[in-house]
Each structure stands twice: as C-alpha cells, then as structure tokens.
Amino acid sequence: MYLNFQQAQIYLGTGGKVFDANLPTVIFLHGSGMDHRAWQLQTRWFAFHGFSVLAPDFPAHSLSTGQALASIEAAAIWVWDLIDQLKIQTVSLVGHSQGALVALEAAAMQPARIRSLSLLATGAAIPVNDQLLQLAQKNKPAAVAAMLSWGFGEAYQFGNSQVPGLAPLAIAGQIMQQNPLATDLAVCQAYQNGELAAQKIIAPTQLIFGEYDRMTPIKAGRALAGVLPNLQSHTELASGHMLPVEEPAACLQLLRNFIQPFALRA
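A short tour of the structure in this document, coming up. Going along each chain's sequence as written, the residues are numbered from 1 onward. Totals for whole chains, interfaces and linings use every residue, but because this is a predicted model, local features are given only for residues with pLDDT of at least 70 and side-chain atom pairs only at 80 or more, for both listing and counting. The basis for every side-chain value is the complete set of heavy atoms in the structure, and neither hydrogens nor water enter the calculation.

**Let's talk about the environment of Ala190**
Part 1 of the reasoning: Assignment of secondary structure puts Ala190 in helix α8 (residues 181-190).
Part 2 of the reasoning: Distance in space between the C-alpha atoms of Ala190 and Gln42 is 29 Å, their sequence separation being 148 residues. The helix count covers DSSP runs of H or I at least four residues long, the strand count covers runs of E at least two residues long, and both are numbered beginning at the N terminus.

And the structure:
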C-alpha cells in the first residue's frame, strides 16, 4: 500500500493482505540498497496467519519517494513516526543488516512498545570497507557487483536459489542499482550507538547470523549477543550476509517460532 507521509509517498509491503492496526503488527526493515522484496516469503506468511505486516521501502528507495534518511537515529525516529501515524500501539520489529541497526535503535527509543525484536546479520556496529564506500560514491555498478559478491554465500555465486525460477543475485542487483547505496553505506559506517542502544532494550530479542557472512563478520554478532539484556534466541545458519533471501524458509521458521508466542500473550 502507499501512504502519504512526511511530504513523501511511502510504499509499505503488507504481505498481500489489507493492513489492520487491530492485529498484532510485525514490521520488517530492509538492509542497505534493498527494499521490501527482501522479505517476500516472510511477510506473506505472517500476513496470512493472523498478523498485520508492514515492510516499508525507506524514503528514496524503490517505490518510496522523498529524501534518503541521513542516519540510523533519523531512520529510527522515522519508523516511530510511521507507527504513530498508523495508530499502532505495540510492534514486533524485524531488521536485516542496516535495517537491524534501525530496529535496534528504535527498540531502545521506546522499549515498552516492542513485543519482540529480531535482528539478522548485524552487530552493534557495521563498519563498511573503505573501498566499497568509495566505489558506491564514484562507480555504483562496481559497488553493486562487490555487494553481490561479498553479500551472498558461495552457493548463490553458482546460481543457487531456494525459490525455483528466481535469480536472487540478478534481482538484488537490479534493486541496488536504483537505490541510494552510497548514502546507506555511509549511514551504517557512521553509526556508533549500537552497544548503548542494546543495553536499553527490554523486549525478548532474537539474533540470526550467517556463518559465512563477509559483510558483517559473525564475531560482531556474537559480541552484540553479549550485551543484550533479554536475548532469548541465537541462531547461526550456514549462509552469507543476505539471510532473508539466501535462507528464506529457515529465516521464516525461526521468526515465526519466536514472534508468535509474544503476539499471543498480548
């Protein structure tokens, strides 16, 4: 669905169902250069199993207009403004990579309104390779090619896909080409508040990492696990960085098993 919001038209994936703020809401936040399509399998399942789903394209990404958000903190405020605009009281937040940093910061801003928090392929910080930053600013096609090479695990480099008929690398590359990748990467590089934010979170928290992640090394995720006060689930999959796309079924299973009980208690 589209929403006129803060002088922009924002696209929100709803998993194929009409959004209903009276149902338990799960919000999915995409990573650098990506959009709502990173969460296709996961959003659809939740939407058809008693949840309302929102998977926004951040401003200036894909189907959303407006200016790209200039910091993780600004993006977290934007998420809460969106939640309030739609009159949602409490949410489950799910974020991948840059989206996980946004979810982490947002959960720290209003901890009592978070039912559960699921963070994929992240750490308290996501330092970005200097060469990749420069490529994104000066040679976007080369930066996208590097992201696809570093971001997907080895099997996907040889054409693997868990969804028959789809080519994840080609689709991800097409999405990244049209989105503000340089801004996204710079925003990740600049974020330093993750460890302090993590310590403020009271919601049950889930971590999902890729063992072969070359963009956010697993040691960063394990360090984050050590500072979260209410960590209840920690899984490491045989995958690269692009977990929702590389391991969509495994991620869905982990997310549904974790998120459902907290929705039922509300």
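This is not the end of the story, as more comes after the structure.
**Observations concerning the nonpolar core**
Considering soluble globular proteins, one finds that nonpolar side chains tend to be buried as a cluster.
Part 1 of the reasoning: Side-chain atoms within 4.5 Å link the members of a nonpolar core, which is a set of buried Ala, Val, Leu, Ile, Met, Phe, Trp, Tyr and Cys residues. Note on exposure labels: buried denotes an accessible area under 20% of the residue type's maximum, exposed denotes more than 50%, and partly exposed covers the range between, all computed with a 1.4 Å probe on protein chains only. The biggest cluster of nonpolar side chains holds 92 residues, and the ones touching the most others in it are Phe28 and Phe46.
Part 2 of the reasoning: By definition in these notes, contact holds between two residues if any of their heavy atoms fall within 4.5 Å. Among all residues touching Phe46, those that are not within four sequence positions of it are Val26, Phe28, Phe51, Val53, Leu252, Leu255, Arg256 and Ile259.

**Some points on the sheet that holds strand β7 (residues 205-210)**
Part 1 of the reasoning: If you walk across this open sheet you meet the eight strands as β1-β2-β4-β3-β5-β6-β7-β8, and the pairing is mixed. Edge positions in the open sheet fall to β1 (2-5) and β8 (231-237), since each of these has one partner strand only. Neighbour-to-neighbour, the strand axes of the sheet open up by a mean angle of 20 degrees, direction not taken into account.
Part 2 of the reasoning: A strand pair is defined by DSSP finding two or more bridges across the two strands. Relative to strand β4 (residues 52-56), strand β2 (residues 8-13) is paired through two bridges, and the arrangement is antiparallel. Each axis is a line fitted through C-alpha atoms, taken for helices only over the stretch in contact, and angles between the N-to-C directions span 0 to 180 degrees.

**Comments concerning the pairing of β2**
Part 1 of the reasoning: Within β2, five of the six residues are buried, which leaves it mostly tucked inside the rest of the structure.
Part 2 of the reasoning: Direction of pairing for β1 relative to β2: antiparallel, over a ladder of four bridges. Among the inter-strand pairings, Tyr2 is bridged to a residue of β2, identified as Tyr11.
Part 3 of the reasoning: Here β1 hands over to β2 after two residues, with Gln6 in that stretch at a positive phi of 50 degrees.

Such coordinate-based values are descriptive only and should not be taken to indicate function.
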